[in-house]
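In case you want the letters, here they are:
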Amino acid sequence: LLHLVAAPYTKVEESFNMQATHDILFHHKELDSYDHHMFPGVVTRSFLGALLVSAVAAPFHLVAQLAGASRFASQYIVRTVLGLLSVEASSSLRAALHDRFGYATSASYVVLTISQFHLPFYWSRSLPNTIALVLTTVGFAYWVRGYGFAEGPESDRPRCRQHMRTSIGLLTAAAVTFRCDVVILLAMCCLFALVLTPRLTVPELLATGLRWGLTALAFTVLLDSIVWTI
């Protein structure tokens, strides 16, 4: 929140998602009023991340509008929502590290994270990278939990496999929708899933990746085909 208040304005890389959240919250179904028709940017981006953030911010935005707050107040709301989603994602990874490696490791992760500039600053910035970071952080938290259960009792093995599948699914969705270079982390997780005990099979990996990947692709193609062509 300190970073958000100290630097409330928008960097050029954030402009698409920030304008998209503005248009979703203020223009709703009036797609011809959306800013991207006049300023599409260099790279065509997906509205899916902006729609998800706007959906969470919408109740608070409505209260702000009823109270007569300015549009800039809604920008603070959107940034706060995105920042809290990012913090919650990192908190899930901290909890997974605590369960797998103990208090010292999870506490070190917290100290390392909050003592640097980069992550706390970008947590509330409306970049596609930040939205992808939420998914990949939660996905990696599932991976750490699955890796921890792999060394647990036999009764934990089904839960381990499910955590691994969820992790791979979230990373696949992030790669398909927001950042293709997430496939590097995804490839490493798939490699470990093939050699850990209990391990996932190649058909399981392919089925998980296709199910999550095609679902993410369907959502983004459906939404963006409507928003970008009308």
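On a predicted model such as this, the values are computed, not experimentally measured, just so you know.

Time to look at the overall build of the protein chain. The helix and strand inventory of the protein chain stands at 10 helices and zero strands. Across the protein chain, helices and strands are ordered from the amino to the carboxyl terminus as α-α-α-α-α-α-α-α-α-α. A globule of 230 residues ought to have a C-alpha radius of gyration of about 17 Å, and the protein chain, at 19 Å, matches this closely. Counting all 230 residues of the protein chain, 44% fall into the buried class. Of the contacts formed within the protein chain by residues at least 6 apart in sequence, a portion of 74% connects residues at least 24 apart. Carbon together with sulfur atoms contributes 70% to the accessible area of the protein chain, which is approximately 12400 Å² in total.

Roughly 420 Å³ of internal volume is contained in the largest pocket. As for the largest pocket, its lining consists of 21 residues, and the residues nearest its centre are Leu48, Leu52, Ile131, Leu135 and Phe178.

Turning next to the confidence of the model for the protein chain. When pLDDT is averaged across the protein chain, the result is 90; 95% of the residues are at 70 or more. Confidence, read as mean pLDDT per element, is least for helix α7 (residues 128-149) in the protein chain (89) and greatest for helix α5 (residues 103-114) (95).

Residues Val176, Met188, Leu191, Phe192, Leu194, Val195, Val202, Leu206, Leu210, Leu214, Leu217 and Val221 make up a contiguous nonpolar surface patch of about 1100 Å² in total accessible area. Contributing elements (two or more residues each) for the nonpolar patch: α9 (183-195) and α10 (202-229). With six residues, α10 is the single largest residue contributor to the nonpolar patch. Note that Leu214 resides in helix α10. Look at Leu214 and you get exposed, because its relative accessible area is 53%.

This part is about the pattern of salt bridges. For the coordinates displayed, the defined rule picks out seven salt bridges. Glu13 is the partner of Lys11 in a salt bridge, and the nearest nitrogen-oxygen pair spans 3.0 Å. Residue class for Glu13 comes out partly exposed when judged on its relative accessible area of 42%. Here Asp181 makes a salt bridge to Arg179, at a shortest N to O gap of 2.7 Å. The class of Asp181 is partly exposed, set by a relative accessible area of 38%. Because the salt bridges share partners, they merge into one network encompassing Glu14, Arg79 and Arg125.

Between helix α8 (residues 157-177) and α9, whose axes approach to 9 Å, the crossing angle comes to 160°. With respect to each other, α8 and α9 are oriented roughly antiparallel. Remark: the crossing between α8 and α9 carries left-handed chirality. Here Met164, Ile168, Leu171, Thr172 and Ala175 of α8 come into contact with α9, specifically with Val183, Leu185, Leu186, Cys189, Cys190 and Ala193. Here the residues of the contact of α8 with α9 sort into 10 nonpolar, one polar and no charged.

Quick look at α5 now. Compared with the 16 Å implied by 1.5 Å per residue over 12 residues, the 17 Å span of α5 between its first and last C-alpha is a close match. Within the sequence span of α5, burial applies to Ser106, Tyr109 and Thr113. One side of α5 holds all its buried residues, which, seen down the axis, span an arc of 55°. Across α5 from its buried face, at more than 90 degrees, point the exposed residues Tyr103, Ala104, Val111 and Leu112. Contacts made by the buried residues of α5 are with α4 (71-101) and α6 (118-122).

Looking at the element boundaries, Leu1 is found in the segment before α1 (2-6). As for Leu1 and Arg79, which are separated by 78 residues in sequence, their C-alpha atoms are 9.1 Å apart.

A word on the packing of helix α2 (residues 15-26) against α4. Packing of α2 against α4 brings their axes to within 11 Å, and their N-to-C directions diverge by 115°. Note on packing geometry: the crossing formed by α2 with α4 is right-handed. Only Arg71, Ser74, Gln75, Val78 and Arg79 of α4 make contact with α2, whose side of the interface consists of Met18, Thr21, His22, Leu25 and Phe26. Tallied by class, the residues present in the contact of α2 with α4 amount to four nonpolar, four polar and two charged.

Cut-offs applied
Residues numbered from 1 in each chain as written. Predicted model: local features only at pLDDT ≥ 70, side-chain atom pairs only at ≥ 80, totals over all residues. Heavy atoms only, no water. Helix = DSSP H or I, 4+ residues; strand = E, 2+ residues; numbered from the N terminus. Rg over C-alpha atoms; globule rule 2.2 N^0.38 Å. Buried < 20%, exposed > 50% of the residue type's maximum accessible area, 1.4 Å probe, protein only. Contact = heavy atoms within 4.5 Å. Areas by Shrake-Rupley, 256 points an atom, 1.4 Å probe, with all protein chains shown as cover. 1 Å grid on protein atoms, 1.4 Å probe; cavity = no way out; pocket = protein on both sides within 12 Å on 5 of 7 lines; lining within 4 Å. Points joined across faces, edges and corners; volume = space filled by probe spheres on them. pLDDT = per-residue confidence, 0-100. Patch = residues over 30% accessible without salt bridge, like charges linked within 9 Å, V, L, I, M, F, W, Y side chains within 5 Å. Salt bridge = Lys/Arg side-chain N within 4 Å of Asp/Glu carboxyl O. Axes fitted to C-alpha atoms, helices over the stretch in contact; angles between N-to-C directions. Parallel < 35°, antiparallel > 145°, perpendicular 65-115°, else oblique. Left-handed = near helix turned anticlockwise from the far one by under 90°. Nonpolar A, V, L, I, M, F, W, Y, C, P; charged D, E, K, R; others polar. Expected span 1.5 Å × (residues − 1). Arc of directions from axis to C-beta.

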